[in-house]
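Okay, here's what each chain looks like letter by letter:
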Amino acid sequence: MNRINSVAIIGLGAVGAVVGEQLNSVLGEKLFCVVDETRKQRYEKNGIFINNVRQNFNYVTPEELKPVDLVIIATKNLQIEEALSSIKNGIGSETAVLSLLNGIQSEREIEKLYGAAKTLYGFIIDLQSINLSGNITCMGKGKIVFGEKNNEVSLRIKAIQQLFDEAKIKYETPENIELAMWKKFLINTVFNSLGAITRSTYGGFKFDVMQDCARKVGYEVIEVANAEGIALTREMLEDDIKKNLTYDPHGKCSMLQDTEAQRKTENPYFCGTICKLGKIHGIKTPYCEFLGELLEGTELVREI
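Let us look at the structure shown here.

1. What about the packing of aromatic side chains?
Inspection of every chain in the model, using the stated rule, returns nine aromatic pairs. Judged by centre distance (6.2 Å) and plane angle (85°), the rings of phenylalanine 57 and tyrosine 59 are edge-to-face. We note that phenylalanine 57, like tyrosine 59, is buried. Grouping aromatic residues by their ring pairs yields a cluster made of Tyr43, Phe57 and Tyr59.

Right under this line is the structure:
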């Protein structure tokens, strides 16, 4: 694959729409935004706005989708099964699939359905955007981190790099993509989970008590990661705490946005994953367990 000429993206929330906006500038009609028929009609009528600018996306239903060079999945983990089914018509013999989902599970699901040869590993960092019913405020477009599982800089990796350069998308192809993914997973499990349960914006982590909570949760993630053969360190967590303080103090993590909108969160894929892996390795994870239970309880009591 020498060049990416067509891309399908599924998920037009705070992540997908922002990435889509940048790709749209170079791909135009060759960027296919996969939505169901109801959303297609609504988006074509009402539009999706980023910083008050209407986006002219090419919306297609799963049935209308044709094979493309690259599929980008930008839903939430809770929608991964539906997303993988919706993109099946876009999978051709040379198609690569790149997930930007949080956590460490989606790539395994892609491999099961479409095979390891089509699966790239990836995620997005430093994105600062809030989606309010199709009106997205974006204060930072973030950076896509991606690569082959074996860390080879393959022809298709080079082709995606070229596309991202043309679209002015910031990216990184790290030496060790799985370590990079676990570093993001550490951030999500700590700051998303704590931000959601305390209703804290990024600015709340300036307080010592919040940083202490971050360490208690983070140390459990690090211990589990090490048991999985991933070289996370406490120094990495300290860097994350410092970096969090450079964000807009009024910015909100995605899980807090979900909580405030009374949507189900990705809690099972953050604290839940650490608790499951902890049991496999015989590692106690009381802080992740309690935090996860609080988040689950918060969701359940809304249904009373």
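2. Things to note about the nonpolar core
If you look at the biggest cluster of nonpolar residues, it comprises 36 residues, and the most contacted ones within it are Val7, Leu12, Leu23 and Ile144. Every residue in contact with isoleucine 144, bar those within four places of it in the chain, is listed here: Val19, Leu98, Leu100, Phe123, Ile124, Phe164, Ile169, Lys170, Tyr171 and Glu172. Counting residues in each nonpolar core, the second largest holds 35 residues, with Tyr202, Val217, Cys275 and Leu291 among its members.

3. Observations concerning the state of the cysteines
Here a disulfide denotes one covalent bond, and it connects the sulfur atoms of two cysteines. One pass over the structure, following the stated rule, counts zero disulfides. Sulfur of cysteine 138: no disulfide; nearest cysteine sulfur belongs to cysteine 33 and is 16 Å away. With no disulfide of its own, cysteine 253 lies 12 Å from the sulfur of cysteine 271, the closest cysteine sulfur. Classification of cysteine 253 as buried rests on a relative accessible area of 8%.

4. A short note on the layout of surface pockets
Reported here for the second largest pocket is a volume of approximately 310 Å³. Surrounding the second largest pocket, 18 residues form its lining, Asn267, Pro268, Gly272, Gly292 and Glu296 being those nearest its centre. Elements supplying a minimum of two residues to the lining of the second largest pocket: helix 10 (271–281) and helix 11 (286–301). Per element, the largest residue contribution to the lining of the second largest pocket is seven residues, and it comes from helix 11. Its residues assigned to classes, the lining of the second largest pocket shows six nonpolar, four polar and eight charged.

5. Observations concerning the pattern of salt bridges
Note that side chains of opposite charge can pair when their charged atoms are close. The full count for this structure, using the stated rule, is 14 salt bridges. Linking arginine 215 and aspartate 212 is a salt bridge whose minimum nitrogen-to-oxygen distance equals 3.4 Å. Remark: aspartate 212 and arginine 215 occur in helix 7 (residues 208–227); sequence separation between them is three residues, near one turn of the helix. Residue classification places aspartate 212 among the partly exposed positions, given a relative accessible area of 39%. Linked by salt bridges that have partners in common, Lys76, Asp258 and Arg263 make up one network.

Thresholds applied
- Residues numbered from 1 in each chain as written.
- Predicted model: local features only at pLDDT ≥ 70, side-chain atom pairs only at ≥ 80, totals over all residues.
- Heavy atoms only, no water.
- Phe/Tyr/Trp six-rings, centres within 6.5 Å; stacked < 30°, edge-to-face > 60°.
- Buried < 20%, exposed > 50% of the residue type's maximum accessible area, 1.4 Å probe, protein only.
- Core = buried A, V, L, I, M, F, W, Y, C linked by side-chain atoms within 4.5 Å.
- Contact = heavy atoms within 4.5 Å.
- Disulfide = S-S within 2.5 Å.
- 1 Å grid on protein atoms, 1.4 Å probe; cavity = no way out; pocket = protein on both sides within 12 Å on 5 of 7 lines; lining within 4 Å.
- Points joined across faces, edges and corners; volume = space filled by probe spheres on them.
- Helix = DSSP H or I, 4+ residues; strand = E, 2+ residues; numbered from the N terminus.
- Nonpolar A, V, L, I, M, F, W, Y, C, P; charged D, E, K, R; others polar.
- Salt bridge = Lys/Arg side-chain N within 4 Å of Asp/Glu carboxyl O.

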